[in-house]
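What the coordinates show
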Amino acid sequence: MKFYRAFLLPLLALAQVAFCAEDYYNVLGIDRQANDKQIKSAYRQLSKKYHPDKNPNDPTAHDKFVEVSEAYEALSDAESRKIYDQYGHDGLKQRTQGQHHDPFDLFSRFFGGGGHFGNQPGQRRGHNVEVKIGIALRDFYNGHTTEFQWDRQQLCDECEGTGAADRVVHRCGACGGKGSRLVRSQFAPGMITQVQMQCDACGGRGKTIPHRCPACHGERVVRRPTTVALTIQRGMADGARAVYENEADASPDWVAGDLVVTLVEKEPSLDDDNPDRVDGVFFRRKGDDLFWREVLSLREALLGDWTRNLTHLDGHIVRLSRSRGGVVQPGHVETVPGEGMPRWHEDGDSVYHKTEFGNLFVEYVVVLPDQMESGMEKELWALFQKWRLKKGVDLHKDSGRPEKPVMHDEEHEHGHDHGHDHEEL
Ligand SMILES: [Zn+2]
Ligand SMILES: [Zn+2]
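Taking an unreviewed UniProt entry as the reference, the protein is identified by name as DnaJ-domain-containing protein belonging to Trichocladium antarcticum.

Topic: the overall build of the protein
Of regular secondary structure, the protein possesses 12 helices and 15 strands. For the protein, with 425 residues in total, the buried portion stands at 21%. A separation of at least 24 residues holds for 63% of the contacts in the protein among residues at least 6 apart in sequence.

Considering the sheet that holds strand β10 (residues 284-286)
A sheet is described by the order of its strands in space; here four strands give the open sequence β10-β11-β15-β14, paired in mixed fashion. Looking at the sheet topology across the chains shown, the edges are occupied by β10 and β14 (333-336). Averaged over all pairs of adjacent strands, the angle between their axes in this sheet comes to 30 degrees, without regard to strand direction. Where strand β11 (residues 289-297) meets strand β15 (residues 360-367), eight bridges bridge the pair, whose relative direction is parallel. When the sheet's bridge partners are listed, V295 is paired in β15 with V365.

Considerations on the nonpolar core
Membership of the largest hydrophobic core comes to 53 residues, with the highest contact counts inside it found for L28, V68, A71, Y72 and L75. For this core, the element with the most residues is helix α4 (residues 59-76), which contributes six residues. A domain split of this core shows at least three residues from each of domain 1 (12-100) and domain 2 (279-367). Excluding residues that lie within four positions of it along the chain, L75 makes contacts with Y24, L28, I39, R81 and Y84.

A word on the sheet that holds strand β8 (residues 241-244)
Reading across from one edge, β1-β9-β8 is the order of the three strands in this open sheet, with mixed pairing throughout. Here the strands that pair on one side only, and so sit at the sheet edges, are β1 (129-135) and β8. Looking at each pair of strands side by side, their axes are set apart by 25 degrees on average, direction ignored. Pairing of β8 with strand β9 (residues 259-265), which is carried by four bridges, proceeds in the antiparallel orientation. Looking at β9, one finds that A242 is bridged to V261.

A look at unusual backbone geometry
A positive phi angle, close to 55 degrees, is found at H217, a residue other than glycine. Position of H217 relative to the elements: it lies in the loop between β6 (207-208) and β7 (221-232).

A look at the packing of helix α3 (residues 36-50) against α4
Following both chains from N to C, one finds α3 and α4 inclined at 165 degrees, their axes separated by 9 Å at the closest point. Classified by the interaxial angle, the pair formed by α3 and α4 is roughly antiparallel. Between α3 and α4 lies a crossing of left-handed hand. Between α3 and α4, the residues in contact are D36, I39, Y43, L46, S47 and Y50 and A61, K64, F65, V68, S69, Y72, L75 and S76, respectively. Partitioning the contact of α3 with α4 into residue classes produces nine nonpolar, three polar and two charged.

Quick look at the pairing of strand β4 (residues 180-188)
Counting buried positions along β4 yields zero of nine residues, so the element is predominantly exposed. Where β4 lies against strand β5 (residues 191-198), eight bridges are found, and the strand directions are antiparallel. The residue of β5 that forms the bridge with A188 is M191. Linkage of β4 to β5, two consecutive antiparallel strands, is achieved through a turn of two residues, within which G190 is found at a positive phi near 85 degrees.

With respect to helix α9 (residues 374-391)
Because an α-helix packs 3.6 residues into every turn, residues spaced three or four apart end up facing the same way. Along its 18 residues, α9 runs 26 Å from first to last C-alpha, staying within 8% of the 26 Å computed at 1.5 Å per residue. Burial within α9 is sparse, with just zero of its 18 residues counted as buried.

Regarding the confidence of the model for the protein
Residues at a pLDDT of 70 or more form 82% of the protein, whose mean pLDDT is 84. Summarising per-element confidence for the protein, the mean pLDDT is lowest in helix α12 (residues 421-424) (37) and highest in β14 (98). In this model, residues 411-425 is a region of pLDDT below 50 whose contacts with residues beyond four sequence positions or in other chains number 10 contacts.

Focus on the environment of R205
Assignment of secondary structure puts R205 in the loop between β5 and β6. Between the alpha carbons of R205 and C172 there is a distance of 8.3 Å; along the sequence they are 33 residues apart.

Observations concerning α4
Relative to the 26 Å expected for 18 residues at 1.5 Å per residue, α4 spans 27 Å between its end C-alpha atoms, a close match to the ideal helical length. Within the span of α4, buried status applies to F65, V68, S69, E70, A71, Y72, A74 and L75.

Notes on the environment of E67
Assignment of secondary structure puts E67 in helix α4. Sequence-wise, E67 and Y24 are 43 residues apart; in three dimensions their C-alpha atoms are separated by 8.2 Å. Not counting residues within four places of it along the chain, the set of residues in contact with E67 comprises E22 and V27.

How each quantity is defined
- Residues numbered from 1 in each chain as written.
- Chains lettered and ligands numbered in written order.
- Predicted model: local features only at pLDDT ≥ 70, side-chain atom pairs only at ≥ 80, totals over all residues.
- Helix = DSSP H or I, 4+ residues; strand = E, 2+ residues; numbered from the N terminus.
- Buried ≥ 20, exposed ≤ 12 C-beta atoms within 10 Å, placed from the backbone.
- Contact = placed C-beta atoms within 7 Å.
- Pairing = 2+ DSSP bridges.
- Axes fitted to C-alpha atoms, helices over the stretch in contact; angles between N-to-C directions.
- Core = buried A, V, L, I, M, F, W, Y, C linked by C-beta atoms within 7 Å.
- Domains from an automatic or database assignment.
- Parallel < 35°, antiparallel > 145°, perpendicular 65-115°, else oblique.
- Left-handed = near helix turned anticlockwise from the far one by under 90°.
- Nonpolar A, V, L, I, M, F, W, Y, C, P; charged D, E, K, R; others polar.
- Expected span 1.5 Å × (residues − 1).
- pLDDT = per-residue confidence, 0-100.

See the structure below:
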């Protein structure tokens, strides 16, 4: 007896764990405040992940697939979700009396086909859909989570993809459900042939619908705006592609193809779309590097003593400056290391690697005044005149070109283009 009791307790504890179903919110990995969209999105992801077709070597995948399907059914319906929130699994059991839809039917309502995909022979696959989404440069820099809509063909909710208002579909009497008929035809006197023709009574489907669904007019599918979540990782390339497996147009006749989203850098703007008014409008991207054009006045270029504060794409300040005497040649390009784009990393932002950045290239444009106040012009003239006379100006010497240039006057007279005489020597 003693021996027996010692074993009974742990056994009971085990049994309890096994029978206690996992919380539906945990199954879908969502919190209790999740909205319909989040529930749908969780189902989409997890049902694909655990679909037995995709996990042929994992016997637990089927159970998980069923569990995800049950959790979705319970939480996607407002009434049953309320019951579940109040009374838990037991409350739901009383309501549905343990009845569940076939998890593969539910899967098929999302992704089309017969609820299966994978490598089954004869399984038709729908076309892929390509979408281009314009993304602001600052979203490529900072990373961003957004969503977009497109008109996706999906199985009609009203009739659950049957095309019938009462979900009753009959086998076509004319073709016996085959979708085609053999038609005898006489193509020459005395010569008769049998030709296989598509059944005109059912349009080749092999089924007839006595009461067409009013929502899809018996087509079984409808096109509806569908919202897709999109995550732009820091530093993703212009033209990067995100593939949503089996998220393209669905149909009962095929397994949905992939939705392929291409991220394209969009034209910058300074409107409400850009609440922080960052200077992104003036940055240009090339791979991991950024380019910026900065304008200097004649005085600044010649004498230095200036500061510029660039607001970067995340709002931080990059300071450009020269102290007095720091000459900047027109067209000079300054490299600011580490102020370019973040380099994309497949792990995203992670504690296991430091985000690296490309460079920022600043090109200086020097703007000379069109018109000068006459007093200033006179003083400047006088100043330059004074120093010209004192030091003399030798442009050739200043240019750093080789000494003793050889000039052949006759060649000039012959009209050859010798604009680069000195360099050629
Ligand atoms: Zn037919
Ligand atoms: Zn319908």
